[in-house]
Amino acid sequence: MGPDQHAQLDRFSLFLPFPYRVAVILVAGFWGWGVNLQYLLKKNIDVPALIRYPARQSSSQRPHHTSTFHLATLLTIPLLLSLLIFWSATHGSAERVESLDFIPQSYLFIFFMIIILPFNRLSRSGRHRLFVTLRRISIGGLAETQDGKFGDILLADALTSYSKVLADLVVTFCMFFTSGVSSTSKPDRNCGTDWVVPLIIATPSIIRFRQCLIEYVRVRRASFKSENQGGQHLANALKYATALPVIYLASKLRNYNPLEMYGYSEMSLTRLLYWCTFINSAYSFYWDVTKDWDLTLLTSSRRDAHYPYGLRRHRHFSDRQYYLAILVDLVLRFTWLSRFIPGFVWLCDTEVGVWLLMFLEVARRWMWIFLRVETESVRNSRGPAPDDILLGEFNGKLDAD
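In the annotation of an unreviewed UniProt entry, the entry for the chain reads EXS family-domain-containing protein, and the organism field reads Petromyces alliaceus. Regarding the chain, the UniProt comment filed under Subcellular location (unreviewed entry) reads as follows: "Membrane".

1. Considering the overall build of the chain
In terms of helices and strands, the chain carries 17 helices and 0 strands. Evaluated residue by residue, the chain yields a buried proportion of 49% over its 401 residues. Once local pairs closer than 6 in sequence are excluded, the contacts in the chain between residues at least 24 apart make up 71%. Within the structure as shown, the chain displays about 20000 Å² of accessible surface, and the carbon and sulfur contribution to it stands at 63%.

2. A few points about the UniProt feature "transmembrane region" (unreviewed entry) in the chain
According to UniProt, the "transmembrane region" (unreviewed entry) feature falls on residues 20-41, 69-90 and 102-119. This span, residues 20-41, is 100% helix and 0% strand, and a straight line between its end C-alpha atoms measures 32 Å. The straight-line gap between the two end C-alpha atoms of residues 69-90 is 31 Å; of that span, 100% is helix and 0% is strand.

3. Observations concerning the packing of helix H15 (residues 319-333) against helix H17 (residues 351-382)
Relative orientation and spacing of two packed helices are given, respectively, by the angle between their axes and the distance between those axes. Contact geometry for H15 and H17: axes closest at 10 Å, N-to-C directions at 145 degrees. You can see that H15 and H17 cross each other, and the crossing is left-handed. Between H15, through Tyr322, Ala325, Val328, Asp329, Leu332 and Arg333, and H17, the contact on the second element is made entirely by Leu360, Arg364, Arg365, Met367, Leu371 and Glu374. When grouped by side-chain class, the residues that make up the contact of H15 with H17 number 7 nonpolar, no polar and 5 charged.

4. Let's talk about the state of the cysteines
What makes a disulfide is a covalent bond joining the sulfur atoms belonging to two cysteines. This structure, assessed with the given rule, holds 1 disulfide. Two residues, Cys174 and Cys191, share a disulfide whose sulfurs are 2.1 Å apart. In this structure the cystine formed by Cys174 and Cys191 twists about its S-S bond by roughly -85 degrees; its chirality is therefore left-handed. Pair noted here: Cys174 is in helix H10 (residues 163-176) and Cys191 is in the loop between H10 and helix H11 (196-222), with a separation of 17 residues, a long-range link. On the accessibility criterion, Cys191 (10% relative accessible area) is buried.

5. Remarks on the packing of aromatic side chains
This structure, assessed with the given rule, holds 19 aromatic pairs. On the numbers, 5.1 Å between centres and 80 degrees between planes, the contact of Trp366 with Phe370 is edge-to-face. Of the two residues, Trp366 and Phe370 both sit in helix H17, 4 residues apart, roughly one turn of that helix. With a relative accessible area of 35%, Trp366 lands in the partly exposed category.

6. Some details on empty space enclosed by the protein
Empty space among the atoms becomes apparent when a probe as large as a water molecule is rolled across them. In this structure the tally under the stated criterion is 3 cavities of 30 Å³ or more. Lining of the second largest cavity is provided by Phe18, Arg21, Val22, Asp168, Arg189, Glu351, Val354, Trp355 and Met358. Elements supplying a minimum of two residues to the lining of the second largest cavity: helix H3 (18-42) and H17. Per element, the largest residue contribution to the lining of the second largest cavity is 4 residues, and it comes from H17. Taken together, the residues of the lining of the second largest cavity break down into 5 nonpolar, no polar and 4 charged.

7. With respect to unusual backbone geometry
With a phi close to 60 degrees, Asn44 is a non-glycine residue in the positive phi region. Despite not being glycine, Arg52 shows a phi value in the positive range, around 60 degrees. Take Arg52: it is sitting in the loop between helix H4 (47-50) and helix H5 (64-90). Residue classification places Arg52 among the partly exposed residues on the basis of a relative accessible area of 35%.

8. Considering H10
The end-to-end C-alpha distance of H10 is 20 Å, a good match for the 20 Å that 14 residues give at a rise of 1.5 Å each. Looking at H10, one finds that the buried residues are Ser163, Val165, Ala167, Asp168, Leu169, Val171, Thr172, Phe173 and Met175. Tucked into the core, H10 has its buried residues touching H3, helix H7 (102-116), helix H9 (149-161), H11 and H17.

9. Structural notes on the pattern of salt bridges
Under the counting rule described, the total for this entry stands at 17 salt bridges. Between Glu215 and Lys149 there is a salt bridge, with the nearest N and O atoms lying 2.7 Å from each other. Separated by 66 residues along the polypeptide, Glu215 in helix H11 and Lys149 in helix H9 bring together distant segments of the chain. For Glu215, a relative accessible area of 4% gives the class buried. Among the ionic pairs, Asp292 bridges to Arg372, the shortest N-O distance being 4.0 Å. Of this pair, Asp292 sits in helix H14 (residues 266-292) while Arg372 sits in helix H17, placing them 80 residues apart in sequence.

10. Considering the environment of Tyr323
Residue placement: Tyr323 occurs in helix H15. On the basis of relative accessibility, which here comes to 35%, the residue Tyr323 falls in the partly exposed class. Distance in space between the C-alpha atoms of Tyr323 and Gly310 is 8.7 Å, their sequence separation being 13 residues. If we skip the residues at most four places from it in the chain, Tyr323 touches Pro308, Tyr309 and Leu311. A distance of 2.6 Å separates a polar atom in the side chain of Tyr323 from the backbone oxygen of Tyr309.

Conventions used here
- Residues numbered from 1 in each chain as written.
- Predicted model: local features only at pLDDT ≥ 70, side-chain atom pairs only at ≥ 80, totals over all residues.
- Heavy atoms only, no water.
- UniProt positions renumbered as here; feature names shortened; annotations may be inferred.
- Helix = DSSP H or I, 4+ residues; strand = E, 2+ residues; numbered from the N terminus.
- Buried < 20%, exposed > 50% of the residue type's maximum accessible area, 1.4 Å probe, protein only.
- Contact = heavy atoms within 4.5 Å.
- Areas by Shrake-Rupley, 256 points an atom, 1.4 Å probe, with all protein chains shown as cover.
- Axes fitted to C-alpha atoms, helices over the stretch in contact; angles between N-to-C directions.
- Left-handed = near helix turned anticlockwise from the far one by under 90°.
- Nonpolar A, V, L, I, M, F, W, Y, C, P; charged D, E, K, R; others polar.
- Disulfide = S-S within 2.5 Å.
- Phe/Tyr/Trp six-rings, centres within 6.5 Å; stacked < 30°, edge-to-face > 60°.
- 1 Å grid on protein atoms, 1.4 Å probe; cavity = no way out; pocket = protein on both sides within 12 Å on 5 of 7 lines; lining within 4 Å.
- Points joined across faces, edges and corners; volume = space filled by probe spheres on them.
- Expected span 1.5 Å × (residues − 1).
- Salt bridge = Lys/Arg side-chain N within 4 Å of Asp/Glu carboxyl O.
- Polar contact = N/O pair within 3.5 Å; in protein donor to acceptor, adjacent residues only side chain to side chain.

See the structure below:
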């Protein structure tokens, strides 16, 4: 490694190298899911029942959230030990950080070993269910309602928020196994070929797109006499489709070559990217609030006297929590605008900023799960309100996303 490559490592990258940044977000996801389960249980919302996960057979068995926290702890301990070993070995030296990349990369191997190996005491049934669901949705598959369709949807939606994290995970291994390159150097997101990262980022959106089409076909085949014949599933599919131009244009601009773009200037592509990103962000925010959470803020029913402004009749959380969730979702859906705000450009231009944005997107999805699961519980127990725009077209005969 030459001195120029060492100079590319900023203080944040010396403290938390690229593989560790990926690992921290992955481990945080397990802690977040445990908090989801625990808090929703306190609100009398049975998440395992909603996703068709087997209930505990006796009171002596640990609650689902306790098992999740146990697994998260077992993933966290070797991460902390690995970090301590790495920090003591490198002492902030760029040369040592790059030459000792096998230490953080080894933790990623340990992470997957803990997840994959069939240890009975490490939430084996939960990990098995995760793999079965991943295998089914990996090609856009979708279980029937009684087999855990809602769980498939939750996991596939979560993957859309983890798409960049998963892409970076692949990049770390690509860099590690590339001769003359260190996985703790400045990330090379064109490692291998320049289409790998965009494809990985796009895959979760393609999965959800296909799931929406499957639901649309199921509704049409059901032949229920209803005003809604599955059009909302097509609208949902369109939402995921709007992410694909954003991914494609961002990739082309990162590796801009005027000969490949048939005369389109970099400026014109940038403007097109911003318009596509705005459409995707606005559409997604509308869908989060109106469809996924069944809130009325963006509908004509927002002033209904039976519930607080912009919310809905049946609620498990405090009114302040709903309003805060809407605000946070709006801000985080439009974090890409930070490049136009003086003082926040670093969020898009530095490694610490890029990592923080990925972490915030995962945190947004964590928050989204609370309201999405609560909404599903309300639909199952109360049925859809007649004046709400919902996806449960047939009052439980067909659940919808």
